[in-house]
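# Descriptive analysis of the structure
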Amino acid sequence: MNFIVNILSLAVPFSVALLIASLGEMFNQRAGIFNLGCEGVMAMGAFLGMLIPYSIGHGGATPGVYNFLGLLVAMGVGALFGIFFGFVVVTFRAPQGIAGIGLQMFGVGTAGTLFRHFIGGTQSVLGIDNIDIPLLSKIPILGPIFFTHNILVYLAFLFVPVAWYILFKTPWGLRVRAVGTNPRAADSIGIQVNRVRFQALAVGGALAGLAGAYLSLCQAKMFSDEIIAGRGFIAVALVYFGHWNPVKIMWGALLFSFAQALQLAIQGQGINFPYEFAVMLPYVMVIVVLAFSRESQLLGPTALGKPFNREKRT
Amino acid sequence: MTKTFKITYKVTIIILAILAAMTIGAIILLTIGADVLKTYSVILFEPLKTTLQLSEVLIRAIPLTIIALGIAVAYRSGIINIGAEGQMAMGILGTTAIALLFPELPKPILLPLAILAGAICGGLWGFIPGILKAKLQVSELLSTVMLNYIAAQFYTFFLRGPMLDPAESSLGGSGTPQSMRLSKNLWLERLPGTRLHTGIFFAIILAIVIYLLLWKTSTGMKMRAAGASERAARYGGISVTTYLVVAMVISGAFAGMAGAIEIAGVHRRAIEGVTGGYGFSAIVVALFGGLHPAGIIPASFFFGLLIVGADMTQRMVGVPANMVNVLQGIIILVIVATKMVLADPYLMEKVWRKYQKITNPPKEVEA
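Small disclaimer: the values here were computed from a predicted structure and weren't measured.

A count of helices and strands for chain B gives 15 helices and 0 strands. Since a compact globule built from 367 residues should have a radius of gyration of about 21 Å, the 23 Å found for chain B is in line with a globular shape. Across the 367 residues that make up chain B, the buried fraction comes to 50%. Taking as baseline every contact in chain B between residues at least 6 positions apart, the subset at least 24 positions apart corresponds to 76%.

A few words on the overall build of chain A. Assigned secondary structure in chain A consists of 12 helices and 0 strands. Taken from the N to the C terminus, the helices and strands of chain A come in the order α-α-α-α-α-α-α-α-α-α-α-α. In terms of overall dimensions, chain A is globule-like: its C-alpha atoms have a radius of gyration of 20 Å, near the 20 Å expected for 314 residues. Principal-axis analysis of the C-alpha atoms gives chain A an extent of 60 × 45 × 40 Å. Looking at chain A as a whole, 51% of its 314 residues are labelled buried. Sequence separation of 24 or more characterises 79% of the internal contacts of chain A that already satisfy a separation of 6 or more.

Right, let's talk about the interface of chain A and chain B for a bit. Taken together, the contact pairs 39 residues of chain A with 37 residues of chain B. At the level of elements, α4 (96–118), α10 (231–241) and α12 (275–291) of chain A are the ones that each hand at least two residues to the side of chain A that touches chain B. For the side of chain A that touches chain B, the leading source of residues is α4(A), giving 16 residues.

It is worth spelling out the confidence of the model for chain B at this point. All names here are of chain B. Across chain B, the average pLDDT comes to 91, with 97% of residues at 70 or higher. Within chain B, helix α7 (residues 166–171) has the poorest average pLDDT of any element, 66, and helix α8 (residues 199–216) the best, 96. The complex model carries a pTM of 0.92, and its ipTM stands at 0.91.

Glancing now at the packing of helix α7 (residues 171–181) of chain A against helix α9 (residues 193–219) of chain A. All names here are of chain A. Where α7 contacts α9, the axes come no closer than 9 Å and their chain directions differ by 115°. By the angle between their axes, α7 is roughly perpendicular relative to α9. The hand of the α7/α9 crossing is left-handed. Residues Arg175, Val176 and Val179 of α7 pack against Val193, Val196, Arg197 and Ala200 of α9.

Take the environment of Ile20(A) next. All names here are of chain A. Along the chain, the position of Ile20 falls in helix α1 (residues 2–30). For Ile20, a count of 29 C-beta atoms within 10 Å translates into the label buried. Residues Ile20 and Leu48, spaced 28 residues apart in sequence, show a C-alpha to C-alpha distance of 17 Å. Setting aside residues no more than four positions away along its own chain, Ile20 makes contact with Ala156, Leu207, Leu210, Ala211 and Tyr214.

Most often, soluble globular proteins have nonpolar side chains that are buried together. Core analysis: the largest hydrophobic core is formed by 225 residues, its most contacted members being Ile20(A), Ala46(A), Phe47(A), Tyr214(A), Ile67(B) and Ala286(B). Tallying contributions element by element places helix α11 (residues 240–267) of chain B first for this core, with 18 residues. Beyond its immediate stretch of four places on either side in the chain, Phe47(A) contacts Ala111(A), Leu114(A), Phe115(A) and Phe223(A).

What follows concerns α11(B). For an α-helix, the turn length of 3.6 residues means that residues three or four places apart are oriented alike. All names here are of chain B. An ideal rise of 1.5 Å per residue puts 40 Å on 28 residues; α11 measures up with 39 Å between its terminal C-alpha atoms. Counting buried positions over the 28 residues of α11 gives 24, a clear majority of the element. Directly after α11, the chain includes Arg268, whose backbone phi takes a positive value near 60°.

Before going further, it helps to examine the packing of α1(A) against α7(A). Residues and elements named next belong to chain A. Two numbers describe how α1 lies on α7: the axes approach to 7 Å, and their chain directions differ by 55°. The orientation of α1 with respect to α7, classified from their angle, is oblique. Facing α1, whose interface residues are Phe27, Gln29 and Arg30, α7 presents Val176, Arg177 and Gly180. A breakdown of the residues in the contact of α1 with α7 according to their chemical character gives 2 nonpolar, 2 polar and 2 charged.

Residue and element names in this part refer to chain A. Within the secondary structure, Gln263 is located in helix α11 (residues 246–268). The class of Gln263 is partly exposed, set by 19 C-beta atoms lying within 10 Å. A C-alpha to C-alpha distance of 8.6 Å links Gln263 and Tyr275, two positions 12 residues apart in sequence.

Take unusual backbone geometry next. Of note, His243(A) is a non-glycine position whose phi angle comes to about 50°, a positive value. Tracing the sequence through the fold places His243(A) in the loop between α10 and α11. The phi angle at Gln137(B) is positive, at roughly 55°, despite the residue not being glycine. Within the element layout of this structure, Gln137(B) appears in the loop between α5 (107–136) and α6 (140–160).

For the rest of this paragraph, the subject is helix α9 (residues 218–228) of chain B. Looking only at α9(B), the buried set comprises Gly220(B), Lys222(B), Met223(B), Ala225(B), Ala226(B) and Gly227(B). At its buried positions, α9(B) is contacted by α3 (51–76), α8, α10 (230–235) and α11 of chain B.

Residue and element names in this part refer to chain A. On the secondary structure map, Ile266 appears in helix α11. Classification of Ile266 as partly exposed rests on a count of 16 C-beta atoms within 10 Å. C-alpha separation for the pair Ile266 and Ile7, spaced 259 residues apart in sequence, amounts to 9.8 Å. If we skip the residues at most four places from it in the chain, Ile266 touches Ile271, Phe273 and Ala278.

Cut-offs used in this document
- Along each chain, residue indices are assigned from 1 in the same order as the chain's sequence is written.
- The lettering of chains begins at A and the numbering of ligands begins at 1, in the order of writing.
- Per-residue local features of the predicted model are confined to residues with pLDDT of at least 70, and side-chain atom pairs are confined, for both listing and counting, to 80 or more; whole-chain, interface and lining totals are unaffected and use all residues.
- Only DSSP runs of H or I covering at least 4 residues are called helices, and only runs of E covering at least 2 are called strands; the numbering of each starts at the N terminus.
- Atoms considered for the radius of gyration are the C-alpha atoms alone. The globule rule reads 2.2 Å times the number of residues to the power 0.38.
- Remark: C-beta atoms are placed from the backbone, and a residue is labelled buried if 20 or more other C-beta atoms sit within 10 Å of its own, exposed if 12 or fewer do, or partly exposed between those counts.
- The contact criterion used here is simple: two residues whose C-beta atoms, placed from the backbone, lie within 7 Å are in contact.
- Scored between 0 and 100, pLDDT is the confidence that the predictor attaches to each residue.
- Fitting a line to C-alpha atoms yields each axis, with helices limited to the stretch in contact; the angle taken between N-to-C directions then spans 0 to 180 degrees.
- In this scheme, roughly parallel covers angles under 35 degrees and roughly antiparallel covers those over 145, while 65 to 115 is roughly perpendicular and the rest are oblique.
- Crossing handedness: left-handed means the near helix sits turned counterclockwise from the far one by under a right angle, and right-handed means the same turn made clockwise.
- To count as a nonpolar core, a set of buried Ala, Val, Leu, Ile, Met, Phe, Trp, Tyr and Cys residues must be joined through C-beta atoms within 7 Å.
- Multiplying one less than the number of residues by 1.5 Å gives the expected span of a helix.
- Side-chain classes follow a simple rule in which Ala, Val, Leu, Ile, Met, Phe, Trp, Tyr, Cys and Pro form the nonpolar group, Asp, Glu, Lys and Arg form the charged group, and the remainder, Gly included, forms the polar group.

Here's what the structure looks like:
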């Protein structure tokens, strides 16, 4: 019992980075942009999230402020990366798959370069601490699983209904879905397709940056080149798995983080199972999940991956 | 439109693209307070100054050429292979396994057999995303990335376990997971005094093979047709999915062979970090080389130069070697954007009209 509670209480915080990044990617894809560069933006977010409290907040009396500032900077630069990607795939209409690889290499490379210059070796930060919510954290089983995490965990899960509301109940959400489904029709009623796509990219980039900063500030409390470890790509896969719906994406993120927690727990128990095969588990799961959810692609935004050209008939 | 205008237009766009790429790179360099011009000149010219450095550039160009050829075949067939890194690792495992199992075989048998094993292992690793895409419409972009991570784990598993150098475990050794030094019968000849090996001829031969395959055989024509327009190809009776899988197998096999050549020529044992990002750099090389063997060979020399140059910036101007990843990322983004601009006839016409307005003002005004 304790073993399972342990795994679950690990799985919940592990899911946060995936969840935030996937929700961002969901906004991109709902607007018709397939952003494979998520991994690179997350790397930038992870670096910046740590850099601010590490450099300017060093020894400061209120590390909380600097952590918060780190998160904000990560989101801001993430949004800039999203807009930069927009110039390539929206303005210039470049093929999105290969451009995404470019953005990924650019982001990971930049984060690595800046990290070596500004931080150097393995340095850790205090990061954002876990808080036990009074009373609620004392509930047996549910308490440790749900109520002993840092503030971002709660915010991330709170963001699931918010994202759902934004996407399905606000005019902006309607516009996002419209430009991702039928940009020509959206254009004909006066929606500025490319502008909405840029907005979605900025939102997606900001969330990817935040997800990265979560990894460095809350989870690892340090930065390394391998900190993202494919989570950006898994986040993209989760959007397919979750049928472009925030709630289903949340379940997907929890499922994957459960696999990751299980893998750590197996290692911790000293079960004689090659470590490398345990690490493979989430990646194998992505492929299996994608292979068995092919009909889900029919549910996706119909204009996904297709650049929009006002001046061309198609 | 005059011909001179068309050429000037295209050249101007390419120059603007290069400037844009260098400016973005310069922003990153300025952020870390580096001397921009000096960094660029170290990267581009320093490796050419000595024969030893030049040979190092060529050594990097060999796997880049081989992998990029495979990626070009896949790209032209309509499938983007970003899994070369994993396919190369699997190829190295295949080659190492053969060399460890049959070290006594004579060179003319062992070497081709080991390279073949590398090609088969890499090809299998390319077959998986190919068949998944063909049968289950799994995006190759995601599956190949995941297979990279999986292959990396296989690689360390074998190097730490079944293939570990016996000297490592008993005497402590170097602490790096690596196989024992492979049989001399696997080694490729080297140019005396350098590490430059005969794999360079192999890369050139493969480039010719790919040129013949893609442009001189009906298989190659069908592959290119499938990539250019899937619907039209299917209408023309081409089994698009079959060629998709074939292209991915070729692509994987090439990455596997690159791995085989790399350990037979340079490392002579399987060791961590052999792949070292070649699989990703080769994507840039393939795009930069215009997805054509004749372009890929000079492009891989250029990126070999960047990789060696970026190693030198660390010592000479204090710029981390990761800068090469930044440049590669920018180059991909700029190439794909520039390609679209160059392929847009409407934009060219717009510019032409503006140009005419400036050079010859409308005649009606005079009349």
